[in-house]
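For reference, the chains in residue letters:
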Amino acid sequence: MLLEENKFISLNEVEGKVMITIHKPGYPLKEFEKILHRNPRIKIPNFIELKKALISEELADFEVGLFLPSIELEYTNDLMSAHIIVHETIEYYDEYETNLNKRVNLLLRENGIVHGIQDIILKELKTSKPYTIAKGTPPQKGPDAKIKYLERPERKPIIDEEGKADYFDMNFILEINKDDWLGEKLEAQEGVLGTNIKGDSIPAIKGKDLNLKYDSKSVYEIEELGKSVLRAQMNGVLDIQDGRIMVHKHLPIKGDVGVETGNLKFDGSISITGTVISGFSVIASGDISIESSDGVFHAKHIQSVHGDIYIRGGIFGKGESLVEAGGSIFVKHSNESILSANKDIHIGYYALGSTIRANNVFVNELKGKIIGGRTEAINVITTAYSGNHLERKTDLIVHGINRQALQNEVKIKAVELREIQEEIYSFEKKVTQLQLMLGKMSPQQIGVYEESKRLLEEKQKLSSQLDKEIQQILVTLRTPDECEIRVTKEAHAGTHIQVGSKTKSLNHVTSGVFKIENGVLNV
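Predicted model, so just to flag it, every value in this text is computed and none were measured.

Considering the overall build of the chain
Part 1 of the reasoning: The number of helices and strands found in the chain is 6 helices and 42 strands.
Part 2 of the reasoning: Computed over C-alpha atoms, the radius of gyration of the chain comes to 40 Å, more than 25% over the 24 Å expected from 2.2 N^0.38 for 523 residues, which places it beyond the range of a compact globule.
Part 3 of the reasoning: In terms of overall dimensions, the chain has C-alpha extents of about 120 × 80 × 45 Å along its principal axes.
Part 4 of the reasoning: Scored against the burial criterion, the 523 residues of the chain give a buried share of 42%.
Part 5 of the reasoning: Summarising the internal contacts of the chain: among those between residues at least 6 apart in sequence, 42% fall at separations of at least 24.
Part 6 of the reasoning: About 28,800 Å² of surface is accessible on the chain, with carbon and sulfur atoms providing 50% of the total.

So, in structure tokens, the structure goes:
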């Protein structure tokens, strides 16, 4: 089939090939490009060879290219999309629109494409450019599992407009009764089937599953109305540790801790409606709540090993009372007391002549005071006032994170954890072997079995505690250095400021955020 002819060349299509006959050498390449524009079906893979042919003195026929089909159809390997490529001019589209649609429909049928076929919009069709003609319907992912837990009230005193901290409505301990609802999971749902361009179904994607996190010793899981529901195994108080919901044993004391109760030591949480009498101690593994608005006077030792401590009325310690928390301490005021927390200490009104240590120390930044004593934090100390007009010596110290020491501590604990895990594996193996002989054991063998179980549980608890400590240190290491002292109203003369290794004693009243800037303490 003759495609183009002039006094220089003839172009013919022969079995899908484009042949050129040279009548006269020297046909300009730019003129040849105009031929290609008029004939989009001509494809020249090698223009260097074409250029050689145009200047050739030989009059023989040369193969210079391919003659493309008027319309090509291509589709993706996943059968989710197909496109056509029309190798015709725009004038051809306009003149042969009906014919174009018929030929495209025929191509689709011949290739078995039946789903998601798109209409051809001529103004969007470009010569020799892909045009999407069919789209598959992708499968829809089903809704993910949804989990909700009973929320523990936020442990933070409310500061009113006058700067007063309300320590009388903190809901510090949330009591739980046996079988109370603690949480639930709505299961992940199936998605919607998809369809590819050939009409085949594509499996739906199920939503992402999530696991309920809870302490199996104090919480049980049950199926109710198509949902997995968590309920309390016992009476106690709500706690959440490492994202797991649990119920701690609860010891409620109606009245004071004193002569009638003796010193208290309890594996769980303790709530005291009264106070702790002078000289007495309260130690608990969980939270401690002391509700008396009169405060605590000269108690010997109040300690929560893993939880928080709340003293509604404040504490008068006479320089001897020690309050320690594995979590945080919330207290109305501290008068000549020793407070130490692994997390934060929140003080509503004032700290007078006290020794305070925590990650962060927050004294009411509108009206709170730190007067005398020594207050130390890792990251931040906040107060409205420090010292007083009598220039009482008041130490405010922020150390910052000793990253090298913490990294070394993690390494030591990691080695210890591996050794304990090896022991756990050994005990588990021993207990499993003994369980197979339970019905045939002598009293002595039963004793060995029970002792092995007891040691296994001890090692598992120790392993869990070590792992928790390592994770807490890693969280600290990932925390950016904040390391500052904020005195929002007045820092009096006599206040000693220390940030890291930089120190300064104030000799005049000032205020602001004290921190290291360009290697210098900005006091």
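Following the structure, the description resumes.
Focus on unusual backbone geometry
Part 1 of the reasoning: In the Ramachandran plot, S128 falls in the positive-phi region, its phi being about 60° despite a non-glycine side chain.
Part 2 of the reasoning: Its location among the elements puts S128 in the loop between α4 (97-110) and β8 (131-135).
Part 3 of the reasoning: Positive phi is not limited to glycine here, since E336 has a value of about 50°.
Part 4 of the reasoning: As for its placement among the helices and strands, E336 is situated in the loop between β30 (329-335) and β31 (338-341).
Part 5 of the reasoning: For E336, a relative accessible area of 36% corresponds to the partly exposed category.

Looking at the sheet that holds strand β12 (residues 175-176)
Part 1 of the reasoning: Across the sheet, which stays open at both edges, the 3 strands sit in the order β12-β18-β19 with antiparallel pairing between neighbours. Because the sheet does not close on itself, it has two edges, and the strands there are β12 and β19 (244-248).
Part 2 of the reasoning: Across 5 bridges, the pairing between strand β18 (residues 236-241) and β19 is antiparallel. Residue pairing across strands places Q241 opposite R244, the latter belonging to β19.

Points about the nonpolar core
Part 1 of the reasoning: Membership of the largest hydrophobic core comes to 44 residues, with the highest contact counts inside it found for V276, I302, I329 and I485.
Part 2 of the reasoning: Every residue in contact with I485, bar those within four places of it in the chain, is listed here: I381, L396, I397, V398, I497, Q498, V499, G512, V513 and F514.
Part 3 of the reasoning: If you look at the next biggest cluster of nonpolar residues, it comprises 18 residues, including L36, L50, A53 and F67.

As for the sheet that holds strand β5 (residues 61-67)
Part 1 of the reasoning: The strand order β1-β2-β3-β5-β4 describes an open sheet built from 5 strands, whose pairing is antiparallel. Each edge of the sheet is formed by a strand with only one pairing partner; in this case those strands are β1 (2-5) and β4 (42-43).
Part 2 of the reasoning: With 2 bridges joining them, β4 and β5 adopt antiparallel strand pairing. In the sheet register, I42 faces β5, and the bridge partner there is F67.
Part 3 of the reasoning: In the packing of helix α1 (residues 29-38) onto the sheet, the strands contacted are β1, β2 (9-14), β3 (17-22) and β4, and the crossing angle to β2 comes to about 35°.
Part 4 of the reasoning: Packed on one face of the sheet, helix α2 (residues 47-54) meets β2, β3 and β5 and runs near 30° to β3.

Remarks on the pattern of salt bridges
Part 1 of the reasoning: Tallied over the full model, the rule gives 20 salt bridges.
Part 2 of the reasoning: Among the salt bridges present, the one from R374 reaches D395, with a minimum N-O distance of 3.8 Å. Note that R374 is positioned in strand β35 (residues 374-386) and D395 in strand β36 (residues 394-398), a separation of 21 residues in sequence.
Part 3 of the reasoning: The partly exposed category is assigned to R374, whose relative accessible area is 35%.
Part 4 of the reasoning: With a relative accessible area of 9%, D395 lands in the buried category.
Part 5 of the reasoning: When the shortest N-O distance is used, the salt bridge between E458 and R454 registers 2.4 Å. Taken as a pair, E458 and R454 lie in helix α6 (residues 443-478) at a separation of 4 residues, close to a single helical turn.
Part 6 of the reasoning: Three or more residues joined by partner-sharing salt bridges are found here, namely R357, R374, E376, K393 and D395.

Things to note about the packing of α1 against α2
Part 1 of the reasoning: Between α1 and α2, whose axes approach to 11 Å, the crossing angle comes to 120°. In this structure, α1 meets α2 at a crossing whose hand is right-handed. Along its contact with α1, which presents L29, F32 and L36, the element α2 presents F47, L50 and L54.
Part 2 of the reasoning: Residues of the contact of α1 with α2, tallied by class, amount to 6 nonpolar, no polar and no charged.

Points about the side chain of K413
Part 1 of the reasoning: Turning to its location among the elements, K413 is positioned in helix α5 (residues 403-435).
Part 2 of the reasoning: Those residues within four positions of K413 in sequence are excluded, and the remaining contacts are L466, E469, I470 and I473.

Parameters and conventions
- Every chain's residues receive numbers from 1 upward, in the order its sequence appears when written.
- Whole-chain, interface and lining totals are the exception, using all residues; otherwise, since this is a predicted model, local features are given only for residues with pLDDT of at least 70 and side-chain atom pairs are given and counted only at 80 or more.
- Based on all heavy atoms of the structure, the side-chain values leave hydrogens and waters out of the count.
- Helical segments are the DSSP runs of H or I of at least four residues, strand segments are the runs of E of at least two, and each set is numbered from the N terminus.
- The quantity called the radius of gyration is restricted to C-alpha atoms. Its globule counterpart is 2.2 Å times the number of residues to the power 0.38.
- Here the term buried applies to any residue with accessible area under 20% of the maximum for its type, exposed to any over 50%, and partly exposed to those in between, with areas from a 1.4 Å probe on protein chains only.
- Any pair of residues with heavy atoms lying within 4.5 Å of one another is described as a contacting pair.
- Note on areas: these come from Shrake-Rupley sampling with a 1.4 Å probe, and a residue is covered only by the protein chains present in the view.
- Between any two strands, pairing holds if DSSP finds at least two bridges.
- Nonpolar core, defined: a set of buried Ala, Val, Leu, Ile, Met, Phe, Trp, Tyr and Cys residues in which side-chain atoms within 4.5 Å join the residues together.
- A fitted line through C-alpha atoms represents every axis, and for helices the fit uses only the stretch in contact; the resulting angles, taken between N-to-C directions, go from 0 to 180 degrees.
- One speaks of a salt bridge when a side-chain nitrogen belonging to Lys or Arg is within 4 Å of a carboxyl oxygen belonging to Asp or Glu.
- By definition, any crossing whose near helix is turned counterclockwise from its far helix by less than a right angle is left-handed, and any crossing with a clockwise turn is right-handed.
- In this classification, the charged set is Asp, Glu, Lys and Arg, the nonpolar set is Ala, Val, Leu, Ile, Met, Phe, Trp, Tyr, Cys and Pro, and all remaining amino acids, among them Gly, are polar.

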